[in-house]
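Okay, here's what each chain looks like letter by letter:
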Amino acid sequence: MNNRLTVLQKLNICRETAIKILRGFWCRIFLADSKGLLFIGKHVSLHNRRHIHVGRNVKFEALSEVQGLSTHDIVLGNNVTIGYGTQIRPSSYYGVGHIGFGLEMGDNSSIGPMGFVGCSGSIKIGSNVMIGPNVSMIAENHNFADSSQSIKEQGVNQKGIVIEDDVWIGTNVVILDGVRIGKGAIVGAGSLVSRDLSAKSILIDKRERYIKRRT
């Protein structure tokens, strides 16, 4: 802990951490696989837990929500953090329609607060990946070629998303289906990623403002 913290602050952190560990001990017995300490925040929702695999020191922060139902499961490596309010959804909560692929996430990677991971198609996140707040990943597209049918009736297609090791993704980024982000790449805040990024590239998606004066 930081040496500048007071004794009272340190005790409070230890108390809150201990409660998360106790929740984790209860939760882990229902998971498909759990290899070490598991930290569970307040009001975490884990559905279809037999499809969820976690490594050591995995943290689900408060109000995060994971739907485990998937063909290839939710697999989280060691020291993974799922941020406050983040949602991971491969499939419908009611088991209707398409059963999604799932998510694989490597060691020491994290998803910041309020993220959305739509892993109906495959999403693979490497190790040491930092994903900022409010990031959305959508591994699916709706078919719409037939104008005689509603878009909803035409189903979906999935290509998948791959984020390689050592990537930093800034806040409010949207990553669309079919994208591969290479090792060591950086994605600037607010970017829309619709094409592959090569290794060690930096994407800065600046959107110019146009201000019109009143007459």
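Structure: above.
Cut-offs and rules
- Residues numbered from 1 in each chain as written.
- Predicted model: local features only at pLDDT ≥ 70, side-chain atom pairs only at ≥ 80, totals over all residues.
- Heavy atoms only, no water.
- Helix = DSSP H or I, 4+ residues; strand = E, 2+ residues; numbered from the N terminus.
- Buried < 20%, exposed > 50% of the residue type's maximum accessible area, 1.4 Å probe, protein only.
- Contact = heavy atoms within 4.5 Å.
- Areas by Shrake-Rupley, 256 points an atom, 1.4 Å probe, with all protein chains shown as cover.
- Lys, Arg positive; Asp, Glu negative; His and termini not counted.
- Charge placed at Lys NZ, Arg CZ, Asp CG, Glu CD.
- Polar contact = N/O pair within 3.5 Å; in protein donor to acceptor, adjacent residues only side chain to side chain.
- Pairing = 2+ DSSP bridges.
- Core = buried A, V, L, I, M, F, W, Y, C linked by side-chain atoms within 4.5 Å.
- Salt bridge = Lys/Arg side-chain N within 4 Å of Asp/Glu carboxyl O.
- Patch = residues over 30% accessible without salt bridge, like charges linked within 9 Å, V, L, I, M, F, W, Y side chains within 5 Å.

Attention now goes to the overall build of the chain. Secondary structure assignment for the chain yields one helix and 24 strands. Dimensions along the principal axes, computed over C-alpha positions, put the chain at roughly 60 × 50 × 40 Å. Burial statistics for the chain: of 215 residues in total, 38% are counted as buried. Here the analysis covers contacts within the chain between residues at least 6 apart in sequence; of these, 26% occur between residues at least 24 apart. Of the roughly 12700 Å² of accessible surface on the chain, 54% is carried by carbon and sulfur atoms. Charge centroids of the chain, computed over 26 positive and 17 negative side chains, lie 9 Å from each other.

Turning next to the side chain of S64. Here S64 lies in the loop between β5 (58-60) and β6 (65-67). Only 2.7 Å separates the side chain of S64 from the backbone oxygen of E61, close enough to count as a polar contact.

So, on to the sheet that holds strand β4 (residues 52-54). Overall, parallel pairing links the seven strands, which are arranged β1-β4-β7-β10-β13-β18-β21 in an open sheet. Where the open sheet ends on each side, the last strands, each with one partner, are β1 (33-34) and β21 (180-181). Pairing between strand β7 (residues 74-76) and strand β10 (residues 103-105): three bridges, direction parallel. Bridge pairing in β10 places V75 opposite E104.

The next thing to look at is the environment of N78. Here N78 lies in the loop between β7 and β8 (81-82). According to the relative accessible area criterion, N78 is buried, its value standing at 14%. Taking C-alpha positions, N78 is 7.3 Å from G106, a pair spaced 28 residues apart along the chain. Not counting chain neighbours up to four residues away, the residues in contact with N78 comprise G55, R56, D107 and N108.

Here the focus is the nonpolar core. Most often, soluble globular proteins keep nonpolar side chains buried together rather than apart. Among the nonpolar cores identified, the biggest contains 40 residues, and F60, L76, I163, I169, I175 and I181 are the most heavily contacted of them. Contributing elements (two or more residues each) for this core: β2 (38-40), β4, β5, β7, β10, β13 (123-125) and β18 (161-163). If near-sequence neighbours (up to four positions away) are discounted, I181 is found in contact with V162, I163, E164, V167, I169, I175, V187, V193 and L197.

Tallied over the full model, the rule gives five salt bridges. In this structure, E65 engages R89 in a salt bridge whose closest nitrogen and oxygen atoms are separated by 3.1 Å. Here the residue E65 occupies a position in strand β6, and R89 occupies one in the loop between β9 (87-88) and β10, the gap between them amounting to 24 residues. Assessed through its relative accessible area of 30%, R89 is described here as partly exposed. The partner of E164 in a salt bridge is R180, and the shortest N-O contact between them spans 2.8 Å. Placement of E164 in the loop between β18 and β19 (168-169) and of R180 in strand β21 is noted, with a sequence separation of 16 residues between them.

Among the surface-exposed residues, L22, F25 and L37 lie close enough to one another that they form a single nonpolar patch of about 300 Å² accessible area. Positionally, L37 belongs in the loop between β1 and β2. A residue is classified by how much of its surface remains accessible, and L37, at 35% relative accessible area, is partly exposed.

Any link to function would need more than the numbers given here.
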